[in-house]
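# Tertiary structure, described
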Amino acid sequence: MFPPAQSDPWPGDDRPDPHDQPGRPDRAGRTDTDADPGGRAPEVEEETSVRPRLSVAIAGFAALLGVGLVFGAQTSSPDSRIPFAIVVFGVQLLFVLAWTMAMRPPAMLLIGGLCVVVAAAADVVAVRSQIAGLGPLGYITVAGLGAAVLSQLVRPADRKRVTESLGATLLLVVGVVAFATLITLSRVPRGTQVIFVCLAATAVALVVARLTDAFYPKPRLAPQVPRGATGVVAGAMVGTLASAVLGSYLYSFRPLSGALVGLVAATAAVLVDLAAEYIEAGRQMAGEMPTMWVARHMQGPLGGFALAAPAAYAMTILFL
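Residues numbered from 1 in each chain as written. Predicted model: local features only at pLDDT ≥ 70, side-chain atom pairs only at ≥ 80, totals over all residues. Heavy atoms only, no water.

## Looking at helix H7 (residues 191-215)
Condition: Numbering of helices and strands runs from the N terminus; a helix is a DSSP stretch of H or I covering at least four residues, while a strand is a stretch of E covering at least two. One fewer than the residue count of a helix, multiplied by 1.5 Å, yields its expected span. Think of it in three bands: with a 1.4 Å probe and only protein chains considered, a residue is buried below 20% of the maximum accessible area for its type, exposed above 50%, and partly exposed in between.
Taking 1.5 Å of rise per residue, the 25 residues of H7 would be expected to cover 36 Å, and the 36 Å separating its terminal C-alpha atoms lies within 8% of that figure. Among the 25 residues in H7, 19 count as buried, and that is most of the element.

What follows is the structure in structure tokens.
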């Protein structure tokens, strides 16, 4: 008779299997280091691909925004500020559309309509106020925010989300009012030239950052964000350089003062543009519905110009 074949440990045997020792491969050739302490396989983060054509299109949109606002500011005069206010109001409408679709506050249509009313009121106050200052715009901001919060408290379905939506509502209201500071700045001595330098630096920074991402989106800041650190840094630097060059040709500026103003505006713009991409990536990772395609790619440049506007006003009052 043949000798009995060797078999696995008997059922119920408590002796450890040598293949189950920590750090040793099992019968499939895997070790216990291939899984995390919870027993799950390590997750591989997928890197979001960068679309060069889309980056070029966003750069073109940022350039159009800058050209429109700069040329609109040049039409402003003590007797005629209405054309510039119309240009600003058009940009405010785009901001409300893009950022309302992105933030999705409760009662989205109602909040969007209130922001349009706030934008119109801020433009009218900026044009007609006797003293060119931020005080009247501050009152408009507080009134608009209060009306937006009350409109959410009235509806029972939105009342539970009013706390979590407060940040989105504040961002929308402050954003549309921020554009109105350009009208107020146009009434200040040398304000039109400051608008020219700051918005030109902003436009150049956004365009250079996006074009750099189209050709060299490295090093990646995050796998889910289709942006590179090279573009962000290059945008801020080239925008600052452009403002320094412009400052050397304007009679009320010097290269140093132009570079200082442009540095603040350009850096703020590229950071807001980058933050918009992080917000969208976080929303998609949380499983939420993606923002409408057009609005998703407009919100970065619009947010950059929205922050550059009050930054230009602050630099005028504090340093110029």
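Now that the structure is up, let's keep going.
## Brief notes about the confidence of the model for the protein chain
Definition in use: What pLDDT expresses is the predictor's confidence in each residue, scored from 0 to 100. Whether two residues touch is decided by their heavy atoms; if any such pair falls within 4.5 Å, the residues are in contact.
Of the residues in the protein chain, 81% reach a pLDDT of 70 or more, and the chain-wide mean stands at 82. Considering only residues more than four positions removed or in separate chains, one finds that residues 6-14, a stretch of pLDDT under 50, has two contacts.

## Quick notes on the pattern of salt bridges
Filter applied, for reference: What counts as a salt bridge is simple: a side-chain nitrogen of Lys or Arg found within 4 Å of a carboxyl oxygen of Asp or Glu.
Inspection of the entire model under this criterion finds four salt bridges. Ionic pairing is found between Asp273 and Arg210, a salt bridge with its closest N-O pair at 2.7 Å. Note that Asp273 is positioned in helix H9 (residues 255-285) and Arg210 in helix H7, a separation of 63 residues in sequence. One salt bridge in this structure joins Asp273 and Arg227, with 3.5 Å as the shortest N-O distance. With Asp273 in helix H9 and Arg227 in strand S2 (residues 225-228), this pair connects stretches of sequence that are 46 residues apart.

## Considerations on the packing of aromatic side chains
Applicable threshold: Any two rings among Phe, Tyr and Trp, with Trp reduced to its six-membered ring, count as a pair given centres within 6.5 Å; such a pair is stacked if its planes are under 30 degrees apart, edge-to-face if over 60, and tilted if neither.
Taken as a whole and judged by the stated rule, the model has two aromatic pairs. Measuring from centroid to centroid gives 5.9 Å for Phe95 and Phe179, while their planes differ by 70°, and the two rings are edge-to-face. Here Phe95 is found in helix H2 (residues 82-103), whereas its partner Phe179 is found in helix H6 (residues 166-186), with 84 residues between them in sequence. The rings of Phe95, Trp99 and Phe179 are connected pair by pair, giving a single aromatic cluster.

## Here's the deal with the packing of H6 against H7
Definition in use: For helices, the fitted axis covers only the stretch in contact; all axes are lines through C-alpha atoms, and the angles between them, taken along N-to-C directions, range from 0 to 180 degrees. Comment on the angle field: the value is read as roughly parallel under 35 degrees, roughly antiparallel over 145, roughly perpendicular from 65 to 115, and oblique elsewhere. Residues are grouped as follows: nonpolar covers Ala, Val, Leu, Ile, Met, Phe, Trp, Tyr, Cys and Pro; charged covers Asp, Glu, Lys and Arg; every other residue, Gly included, is treated as polar.
One can describe the packing of H6 onto H7 by two numbers: an axis separation of 7 Å at closest approach and a directional angle of 140°. On the basis of their axis angle, the class for H6 and H7 is oblique. Facing H6, whose interface residues are Leu182, Leu185 and Ser186, H7 presents Gly191, Thr192, Val194, Ile195 and Leu199. Residues that form the contact of H6 with H7 fall into these classes: five nonpolar, three polar and no charged.

## A short note on the environment of Gly66
Tracing the sequence through the fold places Gly66 in helix H1 (residues 52-74). Judged by its relative accessible area of 3%, Gly66 is buried. Residues Gly66 and Ala201, 135 residues apart in the sequence, show an inter-C-alpha distance of 9.0 Å. Those residues within four positions of Gly66 in sequence are excluded, and the remaining contacts are Ala203 and Phe305.

## Here's the deal with unusual backbone geometry
Across the junction of Lys218 and Pro219, the peptide omega takes the value -15°, indicating a cis bond. Tracing the backbone through its elements, the reader meets Pro219 in the loop between H7 and strand S1 (220-222). Phi is positive for Arg190, close to 65°, though the residue is something other than glycine. Note that Arg190 resides in the loop between H6 and H7. When its relative accessible area of 36% is taken as the criterion, Arg190 is described as partly exposed.

## Looking at the nonpolar core
Selection rule: In this description, a nonpolar core means a group of buried Ala, Val, Leu, Ile, Met, Phe, Trp, Tyr and Cys residues linked to one another through side-chain atoms lying within 4.5 Å.
Leu302 and Phe305 are the most contacted members of the largest nonpolar core, which totals 68 residues. In contact with Phe305, other than residues within four places in its own chain, are Ala62, Leu65, Gly66, Leu69, Phe179, Leu199, Thr202, Ala203 and Leu206.

## Considerations on the pairing of S2
As a reminder of what qualifies: In this scheme, strands are said to pair when DSSP sees at least two bridges between them.
The pairing of S1 with S2 spans two bridges and is classified as antiparallel. Of the residues in S2, the one forming a bridge with Arg220 is Gly228. With antiparallel pairing between neighbouring strands as the criterion, S1 and S2 make up a hairpin whose turn holds two residues.

## Considerations on the environment of Val87
Looking at the element boundaries, Val87 is found in helix H2. For Val87, a relative accessible area of 30% puts it in the partly exposed group. Sequence separation between Val87 and Leu65 is 22 residues; the distance between their C-alpha atoms is 10.0 Å. Excluding residues that lie within four positions of it along the chain, Val87 makes contacts with Gly68, Leu69 and Gly72.

## What about helix H4 (residues 135-154)?
Heads up, the condition is: Throughout, the arc means that of the directions going from the helix axis to the C-beta atoms.
Taking 1.5 Å as the rise per residue, H4 with 20 residues should run 28 Å; its terminal C-alpha atoms sit 29 Å apart, in good agreement. All buried positions along H4 are accounted for by Leu137, Ile140, Thr141, Gly144, Ala148, Ser151 and Gln152. The buried residues of H4 occupy an angular sector of 105° when projected down its axis, which confines them to one face. Looking at H4, the residues exposed on the side facing more than 90 degrees away from the buried face are Tyr139, Val142, Leu150 and Val154.

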